[in-house]
Amino acid sequence: MMKRDDGGASGHCVLDVRLWGKQSGLSRPYPAMCHLLDTGAVFQALWDVVLGDELKAAVAEALDLGVVDARSVVSFWAGLHDLGKITPPFQSQVPGCYKPIGDDPAYVCAQGAEAEKGFHHETASHWSLYPLLEVLTEASDDVTVGLVARWAVRGEERVASVDRLG
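All of the points below concern the structure found in this document. (Residues numbered from 1 in each chain as written. Predicted model: local features only at pLDDT ≥ 70, side-chain atom pairs only at ≥ 80, totals over all residues. Heavy atoms only, no water.)

A closer look at the overall build of the protein chain
Then, number 1: Each helix and strand counted, the protein chain has eight helices and four strands in total.
Then, number 2: For the protein chain, the succession of helices and strands along the chain, N to C, is β-β-β-α-α-α-α-α-β-α-α-α.
Then, number 3: Taking the contacts inside the protein chain whose residues are at least 6 apart along the sequence as the reference set, 64% of them involve residues at least 24 apart.
Then, number 4: Just so you have it, the protein chain exposes about 10300 Å², and 60% of that area is on carbon and sulfur atoms. (Helix = DSSP H or I, 4+ residues; strand = E, 2+ residues; numbered from the N terminus. Contact = heavy atoms within 4.5 Å. Areas by Shrake-Rupley, 256 points an atom, 1.4 Å probe, with all protein chains shown as cover.)

What to know about the packing of helix H1 (residues 32-49) against helix H3 (residues 67-79)
Then, number 1: In contact at an axis separation of 7 Å, H1 and H3 are set at 145 degrees when each is read in the N-to-C sense. Considering only the axes of H1 and H3, their crossing is right-handed. Residue-level contacts link Leu36, Thr39, Gly40, Phe43, Gln44, Trp47 and Asp48 of H1 to Val67, Ala70, Arg71, Val74, Ser75, Ala78 and Gly79 of H3.
Then, number 2: The residue makeup of the contact of H1 with H3, split by class, is seven nonpolar, five polar and two charged. (Axes fitted to C-alpha atoms, helices over the stretch in contact; angles between N-to-C directions. Left-handed = near helix turned anticlockwise from the far one by under 90°. Nonpolar A, V, L, I, M, F, W, Y, C, P; charged D, E, K, R; others polar.)

Here we look at the nonpolar core
Then, number 1: In terms of nonpolar packing, the biggest core is built from seven residues, these being Trp47, Leu55, Val59, Ala60, Leu63, Ala70 and Val74.
Then, number 2: Residue assignment for this core shows that the elements contributing at least two residues are helix H2 (53-63) and H3.
Then, number 3: With four residues, the single largest contributor to this core is H2.
Then, number 4: Those residues within four positions of valine 74 in sequence are excluded, and the remaining contacts are Phe43, Val59 and Leu63. (Core = buried A, V, L, I, M, F, W, Y, C linked by side-chain atoms within 4.5 Å. Buried < 20%, exposed > 50% of the residue type's maximum accessible area, 1.4 Å probe, protein only.)

Observations concerning the packing of aromatic side chains
Then, number 1: Throughout the structure, instances matching the rule amount to two aromatic pairs.
Then, number 2: With 6.1 Å between their ring centres and 45 degrees between their planes, phenylalanine 43 and tryptophan 47 make a pair best called tilted. Separated by four residues within a single helix, phenylalanine 43 and tryptophan 47 lie in helix H1, roughly one turn from each other.
Then, number 3: By relative accessible area, tryptophan 47 is classed as buried at 3%. (Phe/Tyr/Trp six-rings, centres within 6.5 Å; stacked < 30°, edge-to-face > 60°.)

Thoughts on a nonpolar patch on the surface
Then, number 1: Together, Val14, Leu15, Met33 and Leu37 make up an exposed nonpolar region whose accessible area comes to about 390 Å².
Then, number 2: When you line up the elements, leucine 37 lands in helix H1.
Then, number 3: Overall, leucine 37 belongs to the exposed group, its relative accessible area being 55%. (Patch = residues over 30% accessible without salt bridge, like charges linked within 9 Å, V, L, I, M, F, W, Y side chains within 5 Å. Salt bridge = Lys/Arg side-chain N within 4 Å of Asp/Glu carboxyl O.)

A few points about the pattern of salt bridges
Then, number 1: Tallying each qualifying case throughout the model produces five salt bridges.
Then, number 2: Of the charged contacts, one joins arginine 18 and aspartate 16 as a salt bridge, the two residues approaching to 2.7 Å between their closest N and O atoms.
Then, number 3: The exposure class assigned to aspartate 16 is buried, which follows from its relative accessible area of 11%.
Then, number 4: Overall, the relative accessible area of 28% leaves arginine 18 in the partly exposed class.

Quick word on helix H5 (residues 95-102)
Then, number 1: Three or more residues of H5 are buried, namely Cys97, Tyr98 and Ile101. Within H5, the buried residues cover an arc of 90 degrees as seen down the axis, which keeps them to one side. Structural note: H5 exposes Pro95, Gly96 and Lys99 on the side pointing more than 90 degrees away from its buried face.
Then, number 2: Looking at the buried side of H5, the elements it contacts are strand E2 (20-22), helix H4 (88-91) and strand E4 (107-108). (Arc of directions from axis to C-beta.)

So this is what it looks like as C-alpha coordinates:
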(Lines give C-alpha, C1' and ligand atoms only; values in the text may rest on other atoms or scores of the structure.)
Protein backbone atom coordinates (compact mmCIF):
# COMPACT_ATOMS: atom_id res chain seq x y z
CA MET A 1 0.00 0.00 0.00
CA MET A 2 1.52 3.29 -1.02
CA LYS A 3 0.58 6.92 -0.65
CA ARG A 4 0.06 8.83 -3.89
CA ASP A 5 1.93 11.80 -2.46
CA ASP A 6 4.25 12.65 0.40
CA GLY A 7 1.52 14.14 2.63
CA GLY A 8 -0.32 12.06 5.17
CA ALA A 9 -4.06 11.88 5.69
CA SER A 10 -4.07 15.49 6.90
CA GLY A 11 -1.80 16.64 4.09
CA HIS A 12 0.79 17.72 6.68
CA CYS A 13 1.95 14.48 8.29
CA VAL A 14 3.61 11.52 6.62
CA LEU A 15 2.64 9.16 9.45
CA ASP A 16 -0.87 7.76 9.23
CA VAL A 17 -1.96 6.38 12.59
CA ARG A 18 -4.93 4.66 10.93
CA LEU A 19 -2.47 1.91 9.88
CA TRP A 20 -2.72 -0.44 12.83
CA GLY A 21 -0.04 -2.77 14.18
CA LYS A 22 -1.65 -4.43 17.20
CA GLN A 23 -5.33 -5.03 17.89
CA SER A 24 -6.03 -8.26 19.74
CA GLY A 25 -7.00 -7.70 23.37
CA LEU A 26 -6.85 -3.91 23.09
CA SER A 27 -9.73 -1.48 23.49
CA ARG A 28 -8.76 0.02 20.13
CA PRO A 29 -6.17 -0.75 17.45
CA TYR A 30 -2.62 0.38 18.21
CA PRO A 31 -0.90 2.25 15.34
CA ALA A 32 1.78 0.32 13.45
CA MET A 33 4.23 3.22 13.73
CA CYS A 34 3.87 3.23 17.53
CA HIS A 35 4.44 -0.54 17.63
CA LEU A 36 7.61 -0.20 15.53
CA LEU A 37 8.94 2.64 17.71
CA ASP A 38 8.11 0.67 20.87
CA THR A 39 10.03 -2.33 19.55
CA GLY A 40 13.11 -0.22 18.84
CA ALA A 41 12.92 1.29 22.34
CA VAL A 42 12.52 -2.12 24.01
CA PHE A 43 15.48 -3.42 22.02
CA GLN A 44 17.61 -0.53 23.31
CA ALA A 45 16.62 -1.36 26.89
CA LEU A 46 17.47 -5.02 26.34
CA TRP A 47 20.82 -4.05 24.76
CA ASP A 48 21.62 -1.90 27.80
CA VAL A 49 20.54 -4.39 30.47
CA VAL A 50 20.81 -7.91 29.05
CA LEU A 51 23.75 -7.93 26.64
CA GLY A 52 27.22 -8.13 28.09
CA ASP A 53 30.03 -5.86 26.96
CA GLU A 54 31.74 -8.68 25.04
CA LEU A 55 28.65 -9.41 22.96
CA LYS A 56 28.02 -5.70 22.33
CA ALA A 57 31.60 -5.34 21.13
CA ALA A 58 31.28 -8.41 18.89
CA VAL A 59 28.10 -7.05 17.27
CA ALA A 60 29.73 -3.66 16.83
CA GLU A 61 32.80 -5.26 15.24
CA ALA A 62 30.64 -7.32 12.88
CA LEU A 63 28.96 -4.09 11.78
CA ASP A 64 32.23 -2.16 11.58
CA LEU A 65 30.81 0.36 14.04
CA GLY A 66 31.39 1.60 17.54
CA VAL A 67 29.21 0.12 20.27
CA VAL A 68 26.97 3.20 20.54
CA ASP A 69 26.33 3.29 16.79
CA ALA A 70 25.78 -0.48 16.66
CA ARG A 71 23.08 -0.12 19.35
CA SER A 72 21.33 2.53 17.25
CA VAL A 73 21.54 0.58 13.99
CA VAL A 74 20.35 -2.72 15.45
CA SER A 75 17.51 -1.06 17.36
CA PHE A 76 16.45 0.58 14.08
CA TRP A 77 16.47 -2.86 12.43
CA ALA A 78 14.41 -4.28 15.31
CA GLY A 79 11.89 -1.50 14.83
CA LEU A 80 11.46 -2.49 11.20
CA HIS A 81 10.53 -6.09 12.05
CA ASP A 82 6.78 -5.61 11.43
CA LEU A 83 6.93 -3.14 8.55
CA GLY A 84 4.87 -5.62 6.53
CA LYS A 85 1.87 -4.91 8.74
CA ILE A 86 1.08 -1.88 6.60
CA THR A 87 0.11 -4.13 3.67
CA PRO A 88 -3.52 -4.60 2.58
CA PRO A 89 -3.67 -8.33 3.49
CA PHE A 90 -2.71 -7.52 7.09
CA GLN A 91 -4.66 -4.29 7.45
CA SER A 92 -7.84 -5.90 6.07
CA GLN A 93 -7.89 -8.40 8.97
CA VAL A 94 -9.78 -5.68 10.85
CA PRO A 95 -12.30 -4.52 8.23
CA GLY A 96 -13.44 -1.50 10.23
CA CYS A 97 -9.87 -0.21 10.36
CA TYR A 98 -9.08 -1.06 6.76
CA LYS A 99 -12.14 0.51 5.13
CA PRO A 100 -11.13 4.17 5.68
CA ILE A 101 -7.65 3.44 4.34
CA GLY A 102 -8.86 1.26 1.49
CA ASP A 103 -11.33 3.99 0.49
CA ASP A 104 -8.75 6.78 0.79
CA PRO A 105 -7.78 7.88 -2.74
CA ALA A 106 -4.36 8.90 -1.39
CA TYR A 107 -3.45 5.21 -1.08
CA VAL A 108 -2.87 2.84 -3.98
CA CYS A 109 -2.50 -0.91 -3.99
CA ALA A 110 -3.01 -3.74 -6.42
CA GLN A 111 -6.64 -4.57 -7.07
CA GLY A 112 -7.75 -7.32 -4.69
CA ALA A 113 -4.52 -7.17 -2.63
CA GLU A 114 -6.48 -7.27 0.62
CA ALA A 115 -7.82 -10.72 -0.33
CA GLU A 116 -4.31 -12.25 -0.50
CA LYS A 117 -4.60 -14.01 2.87
CA GLY A 118 -1.62 -16.25 2.10
CA PHE A 119 0.68 -13.22 1.93
CA HIS A 120 1.85 -12.75 5.51
CA HIS A 121 3.19 -9.57 7.03
CA GLU A 122 6.48 -11.31 7.88
CA THR A 123 7.06 -11.98 4.18
CA ALA A 124 6.19 -8.40 3.31
CA SER A 125 8.64 -7.14 5.94
CA HIS A 126 11.39 -9.38 4.58
CA TRP A 127 10.78 -8.38 0.96
CA SER A 128 10.65 -4.67 1.75
CA LEU A 129 13.74 -4.42 3.94
CA TYR A 130 16.51 -4.95 1.40
CA PRO A 131 15.33 -2.24 -1.00
CA LEU A 132 14.55 0.06 1.94
CA LEU A 133 17.98 -0.42 3.49
CA GLU A 134 19.58 -0.03 0.08
CA VAL A 135 17.90 3.36 -0.32
CA LEU A 136 18.97 4.38 3.18
CA THR A 137 22.63 3.67 2.46
CA GLU A 138 24.88 5.61 0.14
CA ALA A 139 27.09 2.73 -0.98
CA SER A 140 26.77 -1.04 -1.15
CA ASP A 141 29.54 -1.48 1.41
CA ASP A 142 27.88 0.82 3.94
CA VAL A 143 26.84 -0.70 7.23
CA THR A 144 23.35 -2.05 6.54
CA VAL A 145 23.58 -3.40 3.02
CA GLY A 146 27.28 -4.07 3.50
CA LEU A 147 26.61 -6.28 6.51
CA VAL A 148 24.22 -8.44 4.52
CA ALA A 149 26.68 -8.68 1.65
CA ARG A 150 29.65 -9.47 3.91
CA TRP A 151 27.75 -12.17 5.78
CA ALA A 152 26.58 -13.66 2.49
CA VAL A 153 30.18 -13.79 1.24
CA ARG A 154 31.74 -14.91 4.52
CA GLY A 155 29.08 -17.47 5.26
CA GLU A 156 27.92 -18.36 8.74
CA GLU A 157 31.37 -18.37 10.36
CA ARG A 158 31.27 -14.74 11.53
CA VAL A 159 27.62 -14.94 12.60
CA ALA A 160 28.32 -18.13 14.56
CA SER A 161 31.23 -16.45 16.37
CA VAL A 162 28.88 -13.66 17.53
CA ASP A 163 26.26 -16.23 18.58
CA ARG A 164 28.82 -18.12 20.70
CA LEU A 165 29.53 -14.98 22.74
CA GLY A 166 25.89 -14.64 23.83
